[in-house]
Amino acid sequence: MAPTQTGDDGRDPQGTRLEDAIDRRLRGIDSDRYRENTATVLRELAAWLRTHRDVETVEAVDDDDCRRWVQAYLHDRVVDEAHPLTFDTDRDFSAASAHTYYNIARAFFSWCVDGEQLLATNPMQPDRVKDELPEDTEEVEQGQQFWSADAREALLRYVDTEAHNALDDETREHERAFRDRAIAYLLADTGARGAELFAVSGDSDRNGIQWRDLGDGAIRVLGKSRDRETVQFPPTTRKKVDRYRRVLEPASEDWPVIPTADATSKYRAVRQTLADREFNAEEIETILDNAADIDEVLREYDVAPPALTTEGARRVMRQLCEDAGLAVDGEYLKPHGGRRGLGHRAYTELSAEDAQNILRHRSIETTHASYTEANTSDLSEDVDDLLYGDDSA
């Protein structure tokens, strides 16, 4: 066998074999149990990439490969453990196990980026990959961002000001200001997850809340367990959303509360809906050509536009925080942080049971696990004041 050719930096110009990188990674893990679990996951991943994606080197792995692995190898193997007769322990996963597999794979590629500098970015990290994971209904939310009371109030104050300033503006900026305010208040005050409020790409069941889902004090959502659930809808929040409705003027109750602003998606929806109503292609194009804009067609023909996606909501929040100069630990206020911020305030200012009900956790243990650390941190300040008072400075 001819010797392997290497570049000036000592690396194989053809790339680093996944198996070689995995072996190096395993040698750097001290814990026997974690090393064993990591070896199982990474070797199964390497075999799948080689067999199904014709990928054998670290450098050749991209986010599409990772997305397909999550879809086919993790998501499609998850079954309901509550029905043991259909659960094959040698083949099938629980949702929690699928998340564990993903986290180990993501950590490996982070090591490839930061430790070995084999990759510029982590292909397992993008939202389009993570969004393919199955839902873990008991996933604990420790370590995730939550909006502080100050950050929440600053955000809501900003969107209120922007909406007020847009009152005399009849352009699309007028509608966008009220839309952004509705998004901020829904995330801050309802405790709903982003995937319950907005559409999820690739999941036909998650197409965003519609106006018919809004009640006087509750919003019906498709919960994490894929059952219909209700989340609280405080009167102040309802008032802000109702004001946006008067600006939006949806043609029917079936319209999404937060529609996409993407024109391409709207055109696609019109063509598909009218085709389903047996308009021929020529008739559809004539309608589109004669309209002043696509929104006119949506209203005239009562075609509901697609909802804003979770990715779109993240972009909105990122832009709002950039414009307002807001951040939590150096990052923009992420959609899920609103839910966690509400849960934290309920846990510390009301009770664990109230927080459980607001967040719709199945068990009080999940609520405790999510917020005990933050609550203990707050208690540390109280204890310091108790023991040292003004002398603590």
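Let me sum up the structure you'll find in this document. Here the structure is a predicted model, which means the values were calculated and not measured. (Residues numbered from 1 in each chain as written. Predicted model: local features only at pLDDT ≥ 70, side-chain atom pairs only at ≥ 80, totals over all residues. Heavy atoms only, no water.)

We now examine the overall build of the protein. Scanning the protein from N- to C-terminus turns up 16 helices and two strands. Expressed as a percentage of the 393 residues in the protein, the buried residues total 44%. Within the protein, contacts between residues separated by at least 24 positions form 64% of all contacts whose residues are at least 6 apart in sequence. About 21,300 Å² of surface is accessible on the protein, with carbon and sulfur atoms providing 44% of the total. (Helix = DSSP H or I, 4+ residues; strand = E, 2+ residues; numbered from the N terminus. Buried < 20%, exposed > 50% of the residue type's maximum accessible area, 1.4 Å probe, protein only. Contact = heavy atoms within 4.5 Å. Areas by Shrake-Rupley, 256 points an atom, 1.4 Å probe, with all protein chains shown as cover.)

Ile258, Met317 and Leu333 are the most contacted members of the largest nonpolar core, which has 54 residues in total. In terms of residues, this core owes the most to one element, helix α7 (residues 172-189), which gives eight residues. If we ignore the near neighbours within four places in the chain, the residues touching Met317 are Trp147, Leu155, Ile183, Leu187, Tyr332, Leu333 and Pro335. Val55, Tyr102, Ala105 and Leu133 belong to the second-largest nonpolar core, a separate cluster that totals 35 residues. (Core = buried A, V, L, I, M, F, W, Y, C linked by side-chain atoms within 4.5 Å.)

Moving on to the pairing of strand β2 (residues 228-232). Here strand β1 (residues 218-222) pairs with β2 via five bridges, running antiparallel. In the strand pairing of β2, Val221 is matched with Glu229. (Pairing = 2+ DSSP bridges.)

This part covers the packing of aromatic side chains. Working definition: an aromatic ring pair is given by the centre-to-centre distance plus the angle between the planes. Applying the stated criterion to the full structure yields five aromatic pairs. With a centroid separation of 6.0 Å and 15 degrees between ring planes, the pair formed by Trp69 and Tyr73 is classed as stacked. Taken together, the residues Trp69 and Tyr73, both in helix α3 (residues 63-74) and four residues apart, mark about one turn of the helix. Like Trp69, the residue Tyr73 is buried in the burial classification. Every member of this aromatic cluster is reached through a ring pair, and the members are Phe108, Phe109 and Trp111. (Phe/Tyr/Trp six-rings, centres within 6.5 Å; stacked < 30°, edge-to-face > 60°.)

What follows covers the packing of helix α1 (residues 18-27) against helix α2 (residues 32-52). Where α1 meets α2, the axes come as close as 10 Å, and the angle between the chain directions of the two elements is 170 degrees. Judged by the inter-axis angle, α1 sits roughly antiparallel to α2. Residue-level contacts link Leu18, Glu19, Ile22, Asp23, Arg25 and Leu26 of α1 to Tyr34, Arg35, Thr38, Ala39, Leu42, Arg43, Ala46, Leu49 and Arg50 of α2. Taken together, the residues that form the contact of α1 with α2 break down as eight nonpolar, one polar and six charged. (Axes fitted to C-alpha atoms, helices over the stretch in contact; angles between N-to-C directions. Parallel < 35°, antiparallel > 145°, perpendicular 65-115°, else oblique. Nonpolar A, V, L, I, M, F, W, Y, C, P; charged D, E, K, R; others polar.)

So, on to the side chain of Thr190. Among the structural elements, Thr190 can be located in the loop between α7 and α8 (194-197). For Thr190, the side chain forms a polar contact with the main-chain oxygen of Leu186, separated by 2.6 Å. Among all residues touching Thr190, those that are not within four sequence positions of it are Tyr185, Leu197, Ile219, Val231, Gln232 and Leu342. (Polar contact = N/O pair within 3.5 Å; in protein donor to acceptor, adjacent residues only side chain to side chain.)

This next bit is on the side chain of Gln356. Looking at the secondary structure, you find Gln356 in helix α15 (residues 352-359). Beyond its immediate stretch of four places on either side in the chain, Gln356 contacts His361, Arg362, Ser363, Ile364 and Thr367.

Moving on, we get to the pattern of salt bridges. Inspection of every chain in the model, using the stated rule, returns 29 salt bridges. With its nearest N and O atoms 2.9 Å apart, the salt bridge here joins Asp64 to Arg53. Taken together, the residues span a long stretch of sequence, with Asp64 in helix α3 and Arg53 in the loop between α2 and α3 at a distance of 11 residues. On the accessibility criterion, Asp64 (23% relative accessible area) is partly exposed. Between Asp213 and Arg220 there is a salt bridge, with the nearest N and O atoms lying 3.7 Å from each other. Classification of Asp213 as buried rests on a relative accessible area of 6%. For Arg220, a relative accessible area of 38% corresponds to the partly exposed category. Through salt bridges with shared partners, one network takes in Arg53, Asp63, Asp64, Asp65, Arg68 and Arg128. (Salt bridge = Lys/Arg side-chain N within 4 Å of Asp/Glu carboxyl O.)

Relative to the elements of secondary structure, Arg206 occurs in the loop between α8 and β1. Residue Arg206 is classed as buried on the basis of its relative accessible area of 5%. Between the C-alpha atoms of Arg206 and Ala195, which are 11 residues apart in sequence, the distance is 7.0 Å. Here Gly223 takes part through its backbone oxygen, which lies 2.6 Å from a polar atom of the side chain of Arg206.

At a minimum axis distance of 10 Å, the contact between helix α10 (residues 263-276) and helix α11 (residues 281-290) shows a crossing angle of 140 degrees. With respect to α11, the element α10 is oriented oblique. Of the two elements, α10 crosses α11, and the hand of that crossing is right-handed. Between α10 and α11, the contacting residues are Tyr267, Val270, Arg271, Leu274 and Ala275 on the first element and Ile284, Glu285, Ile287 and Leu288 on the second. Here the residues of the contact of α10 with α11 are counted per class, giving seven nonpolar, no polar and two charged. (Left-handed = near helix turned anticlockwise from the far one by under 90°.)

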